[in-house]
Amino acid sequence: MTQNLTIARPDDWHLHLRDGAMLEAVLPETARHFGRAIIMPNLVPPVVTGAQAAAYKDRIMAALPEDMQFEPLMTLYLTEDSDPEDIAAAHASGLIKSVKLYPAGATTNSASGVSDFKNVRAALDKMAEIGLPLCVHGEVTDHDIDIFDREAVFIDRVLDPIRKATPGLRVVMEHITTKDGVAYVRDNARDLGATITTHHLIINRNHILVGGIKPHYYCLPVAKREEHRLALREAATSGDARFFLGTDSAPHLDGDKESACGCAGCFTATNTMALLAHVFEEDGKLENLEAFASRNGPGFYGLPVNDGTITLTKNEQATVFPDKIESANGPVTVFDPGYDVFWTVAD
Ligand code: NCD
Ligand code: ZN
């Protein structure tokens, strides 16, 4: 017996598209199912100014296959030199939908991020004034803080003080990975949302480390203990409007992941919607998939829900996803949930 589920066309509120050959390879994987995505600005060099974001958006649209429709929602990378007036102008023109905060050194291409929060105070105040959300990579980078504790410590030491010092600032806690992140969102009713990735609903830290190191499960923030995965599952599938999908699909060439110093990032664009249908069904919450993937994000950003729909089908046979997609520079491994999934997205 097949089962069908039609939902409003989803959006991805945290996506890495890269540039050049990688952009060409990965963009169709997202545009096939998603109407829009918040595009991460951590290129080298980063997308800091409105002019850089406009040029990047043009490159994305030039790479989009003619038969596909997709709207990139651009972001600016916050640096200590960011110009509040440039940020405001890029927002007023409709070009950007958020500004991204990376603590310096927290993750891939974050060297230009923020070290001293005093130096971004004017930008944050301006964003609060104009209602422009701040998307936060919520991990401290202090060497003495264990990598598995970096999110929880960030909430106490950085995020809460920033929010208290900047009333009205709308914040997205991105790719939360802990029950602490879930609790912080739940305890703070105003001006706060959180994205959750597909892979953090599926893997815990054992998947990375038990039985041999699995570089394709390594991402940042790193997957935590099982109790945290379960808290994320509960939040994502609950229908609570403050939690929405941000895949953090982050492609790296296989050679860069399968290395003595492997890059962080899971590439999930290709099979995210099928995997989410599996996850929500497993938790008896299929009826909330549309809220998580298609409605809560636009609600937070004050945007309309997409007009179109997608239909997910549950088949008798397990779905065969591609192991890899090819780019002109080499293959990129598609995230493997490690179990059979019977859902597909009808084309
Ligand atoms: C991202 C990347 O590769 O750009 N990597 C990741 O592990 N998620 C950066 C990020 O979002 O942290
Ligand atoms: Zn990311």
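Note that the structure is predicted; figures quoted are calculated from it, not measured.

Caption draft 1: Region of interest: the packing of aromatic side chains. For the structure on display, the rule yields 8 aromatic pairs. Judged by centre distance (6.4 Å) and plane angle (85°), the rings of Trp-13 and Phe-244 are edge-to-face. Here Phe-244 lies in strand β9 (residues 243-245) and Trp-13 lies in strand β2 (residues 12-15), a separation of 231 residues in the sequence. One exposure class covers both Trp-13 and Phe-244, and it is buried. Measuring from ring centre to ring centre gives 5.6 Å for Phe-280 and Phe-292, while their planes differ by 35°; the resulting arrangement is tilted. One end of the pair, Phe-280, is in helix α10 (residues 272-282); the other, Phe-292, is in helix α11 (residues 289-301), and 12 residues separate them in sequence. On the basis of relative accessibility, which here comes to 0%, the residue Phe-280 falls in the buried class. Three or more aromatic residues joined by ring pairs form one cluster here, namely Trp-13, Phe-244, Phe-300 and Tyr-301. The ring of Phe-300 has Arg-170 lying over it, and the distance from NZ or CZ to the ring centre is 4.1 Å. Against the face of Phe-148 rests Arg-205, its NZ or CZ located 4.5 Å from the ring centre.

Caption draft 2: How the structure looks around helix α6 (residues 179-187). Turning to α6, its buried residues number three or more, namely Gly-181, Val-182, Tyr-184 and Val-185. Seen from one end, α6 has its buried residues packed into an arc of 160°, which puts them on one side. Residues of α6 that are buried make contact with α5 (150-165), β7 (171-173), β8 (192-196), α8 (226-237) and β9.

Caption draft 3: Quick peek at the coordination of the zinc ion (ligand 2). Protein-derived coordination of the zinc ion (ligand 2) comes from His-14 (NE2), His-16 (NE2) and Asp-248 (OD), at a distance range of 2.0 Å. On the basis of relative accessible area, His-16 is assigned to the buried category, the value being 7%.

Caption draft 4: Up close: the pairing of strand β3 (residues 36-39). Neither face of β3 is left uncovered, since the one carrying Arg-36 and Ile-38 and the one carrying Ala-37 and Ile-39 both have all their residues buried. Across 2 bridges, the pairing between β2 and β3 is parallel. Residue Leu-15 lies in a different strand from β3, and its bridge partner there is Ile-39. Handedness of the β-α-β unit built from β2, helix α1 (residues 20-31) and β3 comes out right-handed.

Caption draft 5: Here's a closer look at helix α2 (residues 50-63). Between the first and last C-alpha of α2 there are 20 Å, a value that for 14 residues agrees with the 20 Å anticipated at 1.5 Å per step. Three or more residues of α2 are buried, namely Gly-50, Ala-53, Tyr-56, Ile-60 and Ala-63. Angular distribution of buried residues about the axis of α2 spans 140°; they occupy a single face of the element. Set apart from the buried face of α2 by more than 90 degrees, the exposed residues are Ala-51, Asp-58 and Ala-62. Summarising the contacts, the buried residues of α2 are in contact with α1, β3, β4 (71-77), α3 (84-92) and β5 (96-101).

Caption draft 6: How the structure looks around unusual backbone geometry. The amide bond that connects Val-44 to the next residue, Pro-45, takes the cis arrangement and shows omega of -5°. One can find Pro-45 in the loop between β3 and α2. Of note, the amide linkage connecting Leu-220 to Pro-221 takes the cis form, showing an omega dihedral of -5°. In this fold, Pro-221 is placed in the loop between α7 (205-209) and α8. The phi angle at Arg-18 is positive, at roughly 60°, despite the residue not being glycine. One can find Arg-18 in the loop between β2 and α1. Phi at Asp-248 is positive, roughly 55°, even though this residue is not glycine. Counting through the fold element by element, Asp-248 comes out in the loop between β9 and α9 (254-257). Of the residues examined, Asp-248 reaches a relative accessible area of 6% and is grouped as buried.

About the thresholds
Starting from 1, residues in each chain are numbered consecutively following that chain's sequence as written. Both sets of labels track the order of writing: A upward for chains, 1 upward for ligands. Totals for whole chains, interfaces and linings use all residues, but because this is a predicted model, local features are given only for residues with pLDDT of at least 70 and pairs of side-chain atoms are given and counted only at 80 or more. As a rule here, side-chain values come from all non-hydrogen atoms in the structure, and water together with hydrogens is ignored. In this analysis, rings of Phe, Tyr and Trp, with Trp reduced to its six-membered ring, are considered paired at centre separations within 6.5 Å, and the interplanar angle assigns stacked below 30 degrees, edge-to-face beyond 60, and tilted for intermediate values. For the purposes of this entry, the term helix denotes a DSSP run of H or I that reaches at least four residues, the term strand denotes a run of E that reaches at least two, and both are numbered from the N terminus. Here's how the labels work: a residue is buried when its accessible area is under 20% of the maximum for its type, exposed when over 50%, partly exposed in between, all with a 1.4 Å probe on protein chains only. Both a distance and an angle decide whether a charge sits over a ring: NZ of Lys or CZ of Arg must be within 6 Å of the ring centre and within 35 degrees of the ring normal. Of all possible arcs, the one meant is that of the directions from the helix axis to the C-beta atoms. Here, two residues are considered to be in contact whenever any of their heavy atoms come within 4.5 Å of each other. Each metal site lists N, O and S donors within 2.8 Å (3.2 Å for Na, K and Ca). With water left out of the atoms, a site can look as if it is missing ligands. Whether two strands pair depends on DSSP finding at least two bridges between them. Seen with the strands pointing away from the viewer, any crossover whose path from the first strand over the helix to the second strand runs clockwise is right-handed. Under the convention used throughout, the expected extent of a helix is 1.5 Å for every residue step, that is, one less than its residue count.

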